[in-house]
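Listed here are the chains, written in short residue letters.
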Amino acid sequence: MTVVAGSTIGAIVADLEISRAWLVDPASGREGPGEIVVTDGVLEAVTWLDGDEADGVDDRGVVVSPGFIDLHVHFREPGNEDAETMASGLAAAAHGGFTTVCMMPNTSPALDDPAVLARVREAARASGSPVRALAWGAVTAGRGGATLAALGEMADAGVVGFSDDGAGVAAAELVRNALAYAGALGLPIVEHAEDATQTAGAEANDGFVATVLGLRGWPAAAEETAVARDLAILAEVVRDVPDARLHLTHLSTAGALDLVRRAKAAGLSVTCDVTPHHLALTDEWLAGARRWAWQATGDPWGDGTGAIVAAPYASALRVNPPLRSPSDAAACREALVDGTADAIATDHAPHTSVDKDVEFGSAANGISGIETALGLVLAAVDAGLVPLARALALLTTGPLRVLGSGWGTAPAPGLVEGAPADLVVFDRSATWTVEPAALASRGKNTPLAGRELAGRVLFTLASGRLAYEAPDD
């Protein structure tokens, strides 16, 4: 591979030439050996190689893909800048290969009116990062769950849809009204599928591991009943509002995904995403196991493999929804391959040490995961469980379809000559070690500390500008 680049972070990329790399273009469905040339921030040339020119180039080396789109991040500004600012969050996104992020509205104050949205956009602009920052508006005023927020005003201000993420919308009538109103605006409702009456005090996935560890169980039914309710409501709403759309985020159980699979087969306008940590990790990690989900058995103590290598109750593993069983993780991966899942979304949830480095049951929920997402996804690819092209589609064109009209007029992800360069370049053959102190995010709450991951990001270019460049070794 030959690289010629001239730039500073955030500045227009003068020249970037990458030769003999593996190109993946989910928009066209094409992948293979090739070369790209970026001049003055524009993707000037995309050349696909064949014959002798392609000898020795495969998908195990340097890969060029459209920049990733993350449907689900928590950047904490305004209100909790100690955990994350727009600047640190966008820097973390670029390090992870993401050129577009969609911010959840559970800030303080909540993102429930155009004034707060303007404040967030100004912080993004002031950061100097070229990563595109989109936002979900709150479904209910103040995310309080009592009355609908000003959805029309927020739509006019440019939100990409609406969510009360961090919690589900408890009142069925509000879900019904929100789906109808947002549908009329051409935007989706994003639901955090959780029946909170079933999860009060819950700490870990309800199952063998939680029982042995003495942790209060978090039942799969809490997710599945919420999904079933929302799908039933959607089926009624679309009779009068055909454009009503529901997106279910961070699904984690086989039952919930099967409900979506059947709803799609029936023609309902529903989409969903799963997270990298629900693909690759299981509740065995709470016991001190550190093997990938596809290696897990469900009994880290008694399977004879010596799986327990770390102390139990690591609070970095506390997340909502919780890490599930190996069979649930397998269902998440199956959903990626068969089209039930439309996207991989990180649910990047940075926290301060004060909120995370405490007793497991008292720790805040969430993993700081946008910088490690690619590594977890590639671990599944390397295990032969998800094709590389499919994985990259779930990080690019899949999220774009979920956003629909909310994407606005920005160019669609793809390797398109003459378009502003929006790319990630990573080396599948290169590994890197997760060192929390070295992460760009202020949130150091990762259960992957000390773990070696494949797929070192070399460059991230967003809208023709350099967002990230790997330091020289």
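Right, let's walk through the structure included here.

Rules and cut-offs
- Each chain carries its own residue numbering, running from 1 in the written order of its sequence.
- Local features in this predicted model are restricted to residues of pLDDT 70 or higher, and side-chain atom pairs are both shown and tallied only at a pLDDT of 80 or more, whereas totals for entire chains, interfaces and linings draw on every residue.
- To get the side-chain values, take all heavy atoms of the structure and skip hydrogens and water.
- We define a nonpolar core as any set of buried Ala, Val, Leu, Ile, Met, Phe, Trp, Tyr and Cys residues linked to one another through side-chain atoms lying within 4.5 Å.
- Exposed residues in this analysis have more than 50% of their type's maximum accessible area, buried residues have under 20%, and partly exposed residues fall in between, with area computed by a 1.4 Å probe over protein chains only.
- Contact criterion: two residues are considered in contact whenever any of their non-hydrogen atoms come within 4.5 Å of each other.
- Patch membership is restricted to residues that have no salt bridge and whose relative accessible area is over 30%. Joining uses 9 Å for like charges and 5 Å for the nonpolar side chains Val, Leu, Ile, Met, Phe, Trp and Tyr.
- Surface accessibility in these figures is a Shrake-Rupley result with a 1.4 Å probe; residues are shielded only by whichever protein chains are displayed.
- A side-chain nitrogen of Lys or Arg and a carboxyl oxygen of Asp or Glu constitute a salt bridge if their distance falls within 4 Å.
- Residues counted as positive are Lys and Arg, residues counted as negative are Asp and Glu, and His and the chain ends are not counted.
- Here the site of a charge means atom NZ of a Lys, CZ of an Arg, CG of an Asp or CD of a Glu.
- When DSSP finds at least two bridges between two strands, those strands are taken to pair.
- We count a stretch as a helix when DSSP gives it H or I for four or more residues in a row; a strand needs E for two or more, and each element gets its number in order from the N terminus.
- Seen with its strands pointing away from the viewer, a crossover is right-handed if its path from the first strand over the helix to the second goes clockwise.
- Throughout, an axis means a line fitted to C-alpha atoms (over the contacting stretch in the case of helices), and angles, computed between N-to-C directions, take values from 0 to 180 degrees.
- Each angle is binned into one of four classes, with values under 35 degrees roughly parallel, values over 145 roughly antiparallel, values of 65 to 115 roughly perpendicular, and all other values oblique.
- Handedness of a helix crossing follows the sense of rotation of the near helix relative to the far helix, less than a right angle counterclockwise being left-handed and clockwise being right-handed.
- Each residue is assigned to one class: nonpolar for Ala, Val, Leu, Ile, Met, Phe, Trp, Tyr, Cys and Pro, charged for Asp, Glu, Lys and Arg, and polar for all the others, Gly among them.

This next bit is on the nonpolar core. Formed by 84 residues in total, the largest nonpolar core has its most connected members in Phe-162, Val-227, Leu-231, Leu-248, Leu-251, Val-270 and Phe-426. Setting aside residues no more than four positions away along its own chain, Leu-248 makes contact with Glu-191, Ala-193, Val-227, Asp-230, Leu-231, Val-260, Val-270, Thr-271, Cys-272 and Asp-273. With 22 residues, the next largest nonpolar core counts Ala-280, Leu-281, Leu-439 and Leu-448 among its residues.

Together, Asp-15, Glu-17, Asp-40, Glu-44 and Glu-417 make up a negatively charged patch on the protein surface. Note on Asp-15: relative accessible area 39%, which makes it partly exposed.

This brings us to the pairing of strand β3 (residues 30–39). As paired elements, strand β2 (residues 15–25) and β3 share nine bridges and run antiparallel to each other. Bridge pairing in β3 places Ile-18 opposite Ile-36. With antiparallel pairing between neighbouring strands as the criterion, β3 and strand β4 (residues 42–48) make up a hairpin whose turn holds two residues, including Asp-40 at a positive phi of roughly 50°.

Glancing now at the sheet that holds strand β10 (residues 189–192). Strand-to-strand pairing in sheets goes through backbone hydrogen bonds, with the strands running parallel or antiparallel. Judged by pairing direction, the sheet is parallel, and its five strands sit side by side in the order β9-β10-β13-β14-β15 without closing on themselves. If you trace the sheet from one side to the other, it starts and ends with β9 (162–163) and β15 (343–344), each paired once. Of the pairings in the sheet, the one linking β10 to strand β13 (residues 246–249) comprises four bridges and is parallel in character. Looking across to β13, one finds that His-192 is bridged to Thr-249.

Let's shift gears to the pairing of strand β6 (residues 68–73). Burial of β6 is extensive: six of the six residues sit out of reach of the surface. Bridging between β6 and strand β7 (residues 98–103) involves four bridges; their strand directions are parallel. Counterpart to Ile-69 in the pairing with β7 is Thr-100. Note that the unit made of β6, helix α1 (residues 86–96) and β7 has a crossover that is right-handed.

Following Ser-108, the chain continues into Pro-109 via a peptide bond in cis, with omega recorded as 5°. In this fold, Pro-109 is placed in the loop between β7 and α2 (114–127). One non-glycine residue with positive phi stands out, namely Tyr-313, at about 65°. Along the chain, Tyr-313 turns up in the loop between α9 (284–287) and α10 (326–338). If you check the backbone angles, Ser-463 has positive phi at about 50° while not being a glycine. Looking at the element boundaries, Ser-463 is found in the loop between β17 (452–462) and β18 (465–469).

So, on to the pattern of salt bridges. Within the structure shown, the criterion is met by 16 salt bridges. Between Glu-203 and Arg-216 there is a salt bridge, with the nearest N and O atoms lying 3.2 Å from each other. Residue Glu-203 is found in the loop between β10 and β11 (204–205), and its partner Arg-216 is found in the loop between α5 (208–213) and β12 (217–218); the two are separated by 13 residues along the sequence. Residue class for Arg-216 comes out partly exposed when judged on its relative accessible area of 48%. Close ionic contact of Asp-230 with Arg-229 constitutes a salt bridge, the shortest N to O distance being 2.9 Å.

Strand order across the open sheet formed by three strands is β6-β7-β8, with parallel pairing between neighbours. Two strands close off the open sheet at either side, each with one partner strand: β6 and β8 (132–135). Taken over all neighbouring pairs, the strand axes of this sheet differ in orientation by 20° on average, direction set aside. Here β7 pairs with β8 via four bridges, running parallel. Within β8, the position partnered with Thr-100 by the bridge is Arg-132. Strand contacts of α1: β6, β7 and β8, with the helix running at about 135° to β7, the strand carrying the most contacts.

At a minimum axis separation of 8 Å, helix α6 (residues 220–240) and helix α7 (residues 254–265) run at an interaxial angle of 20°. Judged by the inter-axis angle, α6 sits roughly parallel to α7. As for the relative orientation of α6 and α7, their crossing is right-handed in sense. Contacts between α6 and α7 involve Glu-223, Glu-224, Val-227, Ala-228 and Leu-231 from the former and Gly-255, Ala-256, Leu-259, Val-260 and Ala-263 from the latter. Residues belonging to the contact of α6 with α7 are distributed by class as follows: seven nonpolar, one polar and two charged.

Here we take up the environment of Ala-202. Tracing the sequence through the fold places Ala-202 in the loop between β10 and β11. Overall, Ala-202 belongs to the buried group, its relative accessible area being 4%. With 14 residues separating them in the primary sequence, Ala-202 and Arg-216 have C-alpha atoms 4.9 Å apart.

What follows deals with the side chain of Asp-328. With respect to the helices, strands and loops of the structure, Asp-328 is situated in helix α10. Buried charge Asp-328 goes without a salt bridge, the closest partner of opposite sign being Arg-324 at 5.2 Å. Those residues in contact with Asp-328 that sit more than four places away from it in its chain are Ser-252, Thr-253 and Ala-254.

Moving on to α1. Within α1, nine of the 11 residues are buried, which leaves the element mostly enclosed by the surrounding structure. Turning to α1, its buried residues are Met-86, Ser-88, Gly-89, Leu-90, Ala-92, Ala-93, Ala-94, His-95 and Gly-96. Phi turns positive, to about 95°, at Gly-97, one or two residues after α1.

A cluster of nonpolar side chains, Phe-208, Val-212, Trp-301 and Ile-308, forms an exposed patch at the surface whose accessible area comes to about 360 Å². Mapping Phe-208 onto the fold places it in helix α5. Judged by relative accessible area, which is 45%, Phe-208 ranks as partly exposed.

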